[in-house]
Amino acid sequence: MTQAVRELLCVEDNLGDLRLLYEAFEILNLPHHLHHAPDGEAALTYLRRAQEGKAPWPDAVLLDLNLPRKTGQEVLAELAADPRLRQLRVIVLTTAPRERDVIASAQDIPVQFMTKPHDFDDFIGVVETIDSLIAS
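What you see is a predicted model; the values in this text were computed from it and never measured. (Residues numbered from 1 in each chain as written. Predicted model: local features only at pLDDT ≥ 70, side-chain atom pairs only at ≥ 80, totals over all residues. Heavy atoms only, no water.)

J.: Help me get a handle on the overall build of the protein, residues and values and all.
T.: Counting its regular elements, the protein contains 5 helices and 5 strands. Listed N to C, the secondary structure of the protein is β-α-β-α-β-α-β-α-β-α in terms of helices and strands. Residues counted as buried form 44% of the 136 residues belonging to the protein. In the protein, the proportion of contacts linking residues at least 24 apart, taken out of those at least 6 apart, comes to 68%. Only carbon and sulfur atoms are counted for the fraction: they give 49% of the accessible area of the protein, which is about 7000 Å². (Helix = DSSP H or I, 4+ residues; strand = E, 2+ residues; numbered from the N terminus. Buried < 20%, exposed > 50% of the residue type's maximum accessible area, 1.4 Å probe, protein only. Contact = heavy atoms within 4.5 Å. Areas by Shrake-Rupley, 256 points an atom, 1.4 Å probe, with all protein chains shown as cover.)

J.: Tell me about the nonpolar core, and please be specific about residues and values.
T.: Counting residues in hydrophobic clusters, the biggest one holds 24 residues, and the most contacted among them are L63, L79 and V90. Contributions of two or more residues to this core are made by β1 (6-11), α2 (40-51), β3 (60-64), α3 (72-81), β4 (90-94) and β5 (111-115). If one sorts the elements of this core by residue count, α2 sits on top with 5 residues. With sequence-adjacent residues up to four places away left out, V90 is seen in contact with V61, L63, L76, L79, P110, V111 and Q112. (Core = buried A, V, L, I, M, F, W, Y, C linked by side-chain atoms within 4.5 Å.)

J.: A description of the pairing of strand β2 (residues 32-37) should follow, citing residues and the corresponding values.
T.: When β1 meets β2, the two strands line up parallel, connected through 6 bridges. The residue of β2 that forms the bridge with R6 is H32. Handedness of the β-α-β unit built from β1, helix α1 (residues 15-27) and β2 comes out right-handed. (Pairing = 2+ DSSP bridges. Right-handed = clockwise from strand over helix to strand, strands pointing away.)

J.: For the packing of α1 against helix α5 (residues 120-135), give the residues involved together with the corresponding values.
T.: For the pair α1 and α5, interaxial distance at closest approach is 9 Å and the crossing angle is 65 degrees. With respect to their mutual orientation, α1 and α5 come out roughly perpendicular. Here α1 and α5 pass one another in a crossing that is right-handed. For the pair α1 and α5, the contacting residues are D17, L20, L21, E23, A24, F25 and I27 in the first and F120, F123, I124, V127 and I130 in the second. Classifying every residue of the contact of α1 with α5 by side-chain character gives 10 nonpolar, no polar and 2 charged. (Axes fitted to C-alpha atoms, helices over the stretch in contact; angles between N-to-C directions. Parallel < 35°, antiparallel > 145°, perpendicular 65-115°, else oblique. Left-handed = near helix turned anticlockwise from the far one by under 90°. Nonpolar A, V, L, I, M, F, W, Y, C, P; charged D, E, K, R; others polar.)

Honestly, that's just the spatial picture; any functional story needs more than this.
Shown next as structure tokens:
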């Protein structure tokens, strides 16, 4: 059976991390379209366009927290304020485990947390987990 193509919005300002994610999806042969937003403001612009049917609706948003222009926490707050965006699957990739408690208590939307990997082998595992979460 052919696996459905995943539409993913990756909100990440670190191009090295973005490249590792992309390569991991390629190596695992997971069909995907990886849309990139380099900051929180660009992510919200993309999602507004998706709401208008002018961009693909993402199956998941992969969100870094430490972003320029609008932080990941600010993005989450705007998602929580919009009834349709609140339904998005959001996977926060963070290097600081303590951030989980702050965000989990401050947001009214379901958020899944994953530790941002430091090497490529770990990126492979993260991408496998992301694909499993989206498929469920």
